Each structure stands twice: as C-alpha cells, then as structure tokens.
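# Architecture at a glance
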Amino acid sequence: MISENADVLLASFGLKGIKQSNLKQEKINTLINSINDYSNEQLLELFFAELKQAYLSDSQFNHFTFNEIDTLIAEEKAFMSSYI
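What counts, and where the lines are drawn
Residues numbered from 1 in each chain as written. Predicted model: local features only at pLDDT ≥ 70, side-chain atom pairs only at ≥ 80, totals over all residues. Heavy atoms only, no water. Helix = DSSP H or I, 4+ residues; strand = E, 2+ residues; numbered from the N terminus. Contact = heavy atoms within 4.5 Å. Expected span 1.5 Å × (residues − 1). Patch = residues over 30% accessible without salt bridge, like charges linked within 9 Å, V, L, I, M, F, W, Y side chains within 5 Å. Areas by Shrake-Rupley, 256 points an atom, 1.4 Å probe, with all protein chains shown as cover. Salt bridge = Lys/Arg side-chain N within 4 Å of Asp/Glu carboxyl O. Buried < 20%, exposed > 50% of the residue type's maximum accessible area, 1.4 Å probe, protein only. Core = buried A, V, L, I, M, F, W, Y, C linked by side-chain atoms within 4.5 Å. Polar contact = N/O pair within 3.5 Å; in protein donor to acceptor, adjacent residues only side chain to side chain.

A separate point is the environment of aspartate 37. Summarising the element assignment, aspartate 37 is placed in the loop between helix H3 (22-34) and helix H4 (40-57). Along the backbone, aspartate 37 and tyrosine 55 are 18 residues apart, and their C-alpha atoms lie at a distance of 26 Å.

Structure follows, in structure tokens:
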C-alpha cells in the first residue's frame, strides 16, 4: 500500500500535513476499510509502523531525528484515529 502510494503518503507528514492532505486521509481510510481481519486500531498500528519505516528509508527525511519522526507518526496516527 505505501510503496504504491508513496507520492501521496510521503509528500505530507505530521499533524499539519495530514490535516491539509485530504488525499492522504482518503488513502489511509480506504486501506483501513478494505481489510476486515483486524480492528481499525490494529490496522492503524500496522499501517503507521510501515509508514515509519518508509519515512526512515526516504532521503527527504534524513534531516529529521528518530524522535522527530516518532512525533510525526504519533500526530498522524492520533488524527486518523479520530477520523476513522
């Protein structure tokens, strides 16, 4: 999911980015709603763990510390938890 939509999912990040990116919200929501084997909370955990790895692997995020990336992921996950 992330690799197929990297242009959208990696283009905006953190609370401000996800609030401004309706497309990113829709992509995440579509993924969560397409899988019935897990709870939404479990799917969000899995999705954002994978997204964190994508952030860590992408050169545009090299100037962020691990703690900053953790904060960005936590902000996005909290926002999407209330969105779903």
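Here the narrative resumes.
Summarising the element assignment, serine 12 is placed in the loop between helix H1 (6-9) and helix H2 (14-20). Dropping the residues within four chain positions of it, serine 12 is found in contact with Gly17, Ser21, Lys24, Tyr55 and Glu76.

Here we take up H4. With 18 residues, H4 extends 25 Å from end C-alpha to end C-alpha; this agrees with the ideal 26 Å at 1.5 Å per step. Its buried side turned inward, H4 meets H1, H3 and helix H5 (66-83).

Glancing now at a nonpolar patch on the surface. A cluster of nonpolar residues, Ile35, Tyr38 and Leu46, forms a patch on the protein surface that exposes about 270 Å² of accessible area. Within the element layout of this structure, leucine 46 appears in helix H4.

Let us now look at the environment of phenylalanine 79. Along the chain, the position of phenylalanine 79 falls in helix H5. Take phenylalanine 79: its relative accessible area is 18%, and that puts it in the buried class. Spatially, the C-alpha atoms of phenylalanine 79 and leucine 15 are 7.0 Å apart, while their sequence positions differ by 64 residues.

Another point: the nonpolar core. Residues Ile28, Phe47, Phe48, Leu51, Tyr55 and Met80 are the most contacted members of the largest nonpolar core, which totals 21 residues. Those elements giving two or more residues to this core turn out to be H3, H4 and H5. The biggest single contributor to this core is H4, with seven residues. Ignoring sequence-local partners within four residues, the contact set of leucine 51 consists of Ile2, Leu9, Leu10, Lys24, Ile73 and Glu76.

A separate point is the side chain of glutamine 25. Tracing the backbone through its elements, the reader meets glutamine 25 in helix H3. In terms of polar contacts, glutamine 25 uses its side chain to reach the backbone carbonyl oxygen of isoleucine 18, at 2.7 Å. Non-local contacts of glutamine 25, meaning those with residues more than four positions away in its chain, are made with Ile18, Lys19, Phe79, Met80 and Tyr83.

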